Protein chains: 2
Amino acid sequence: MIIKDPQVAKLFADPCRRSILHNLRHREMTPYQLAKALGKNVSSIIHHLNALEKAGLVKQSRRAVKGNLIEKYYKATAKIFIISYTLSEGITPGSEDIARWTKEICRSASMSLEAFGYNIPERNRDRISKLIERYSSLRQIAYEEAISKQRRPVNISQPALRLLISLLSSIHLYHNPEFSEIMEELSEILRENEGTR
Amino acid sequence: MIIKDPQVAKLFADPCRRSILHNLRHREMTPYQLAKALGKNVSSIIHHLNALEKAGLVKQSRRAVKGNLIEKYYKATAKIFIISYTLSEGITPGSEDIARWTKEICRSASMSLEAFGYNIPERNRDRISKLIERYSSLRQIAYEEAISKQRRPVNISQPALRLLISLLSSIHLYHNPEFSEIMEELSEILRENEGTR
């Protein structure tokens, strides 16, 4: 599922809501089970579930009677959630927070290149961050293009679905001249600054 | 963490053990919490946890005294687990099951192309499966190459780490002539068999 509404995407900024969705992608769970699993109290879980249900990200999958209680089970409405590049690039009005969050992730990734043996000099840092942002954006656009081609539900395992979407988006990227330019420039900067072991 | 021991990799074939690891990557949990979250009984969770601990995939993170019980908390030993291509290609002795499992995933991905609007004729199916296997393998090799460059632990969020590893492996793939060949051949087959909406 591709998220295009900034109000819905904002729900993903909260780690607890991300964890709830994460748990509900593969199985149905009750608020009580979620509370136990995430170490939160039931009322806060119910609060989050209501927000997620209103946004169409989770739904009630069944009710079970246990003693004199009715237990509601919840399930995510999709196996994979992707925040649209129209939000992470801040194109859609109201998506400024998400764009900032995305930028932060790219910056943090570029800062960690050193741990992988690349000693990026000060003067290249901004450029690297920009290139990583473009990379992340193009990759997301390719993902969305691949997913949007889906015409009917598929009944395959999560790893197989991920592989297929990764393949289709790789093909898109392979034919994108801007992607090649980014790869060229990044490889050059990384090659120049590869530390010796 | 790159898994190279076939005995360890086999632990991933079980969905319950995969779920346990999945839950323990981001937080510590007790066997009781895991049992509640996954809808299993505690003794089977403890059984799985022992196997995972012996394989070095999880570890006890702390003990808490609660009433007259000692609760053990467990945590995964890495944020990302990757099964080495030496196993998924069946190169290492004893990895035949894992190689079969990988092939199955690639086959299932290729069978699902139809849901994305590609009507692959019978005569191309085996070839597509083979190409997807190669794609999956090269991608994994690139991932491993990227991860093996890491020299010290990084303290960044999961999305930032994933982005960085995806970027570094994309650069490897970009410079791999075999990858370009696979992309060319796959694009051609897909283009020829693209259905009209």
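Residues numbered from 1 in each chain as written. Chains lettered and ligands numbered in written order. Predicted model: local features only at pLDDT ≥ 70, side-chain atom pairs only at ≥ 80, totals over all residues.

1. Some words on the pairing of strand β2 (residues 58-66) of chain B
Residue and element names in this part refer to chain B.
Here comes step 1: Taken together, the 8 bridges between β2 and strand β3 (residues 69-76) define a ladder with antiparallel strand orientation. Looking at the pairing, Gln60 lines up with Tyr74 of β3.
Here comes step 2: Turn length for the β2-β3 hairpin, with the two strands adjacent in sequence and antiparallel, is 2 residues, and the turn residue Gly67 shows positive phi of about 65°. (Pairing = 2+ DSSP bridges. Helix = DSSP H or I, 4+ residues; strand = E, 2+ residues; numbered from the N terminus.)

2. Digging into the relation of the copies chain A and chain B
Here comes step 1: By a simple turn and slide, chain A fits onto chain B: the slide is 0.0 Å along the axis, the RMSD is 0.1 Å, and the turn is 180°. As the rotation angle and translation indicate, the two copies are arranged about a two-fold axis. Residue A:Ala37, judged by its C-alpha, is the member of chain A lying nearest the rotation axis, at 2.5 Å.
Here comes step 2: Of all interface residues in chain A, 100% are interface residues in chain B too; the two copies therefore contact each other through one and the same surface. (Least-squares fit on C-alpha atoms with pLDDT ≥ 70 in both. Contact = placed C-beta atoms within 7 Å.)

3. Quick word on the interface of chain A and chain B
Here comes step 1: Each side of the interface is counted separately: chain A has 36 residues, and chain B has 36 residues.
Here comes step 2: Secondary-structure elements contributing two or more residues to the side of chain A that touches chain B are α3 (31-38), α6 (96-111), α7 (122-148), α8 (158-174) and α9 (177-192) of chain A.
Here comes step 3: For the side of chain A that touches chain B, the element with the most residues is α8(A), which contributes 9 residues.
Here comes step 4: Taken together, the residues of the side of chain A that touches chain B break down into 21 nonpolar, 11 polar and 4 charged. (Nonpolar A, V, L, I, M, F, W, Y, C, P; charged D, E, K, R; others polar.)

4. Structural notes on the packing of α3(A) against helix α3 (residues 31-38) of chain B
The angle between the axes and the distance between the axes are what describe a pair of packed helices.
Here comes step 1: Following both chains from N to C, one finds α3(A) and α3(B) inclined at 150°, their axes separated by 8 Å at the closest point. Put simply, α3(A) runs roughly antiparallel to α3(B). Every pair of crossing elements has a handedness; the one defined by α3(A) and α3(B) is left-handed. Between α3(A) and α3(B), the residues in contact are A:Gln33, A:Lys36 and A:Ala37 and B:Gln33, B:Lys36 and B:Ala37, respectively.
Here comes step 2: Of the residues that constitute the contact of α3(A) with α3(B), the class distribution is 2 nonpolar, 2 polar and 2 charged. (Axes fitted to C-alpha atoms, helices over the stretch in contact; angles between N-to-C directions. Parallel < 35°, antiparallel > 145°, perpendicular 65-115°, else oblique. Left-handed = near helix turned anticlockwise from the far one by under 90°.)

On their own, these measurements won't tell you what the molecule is for.
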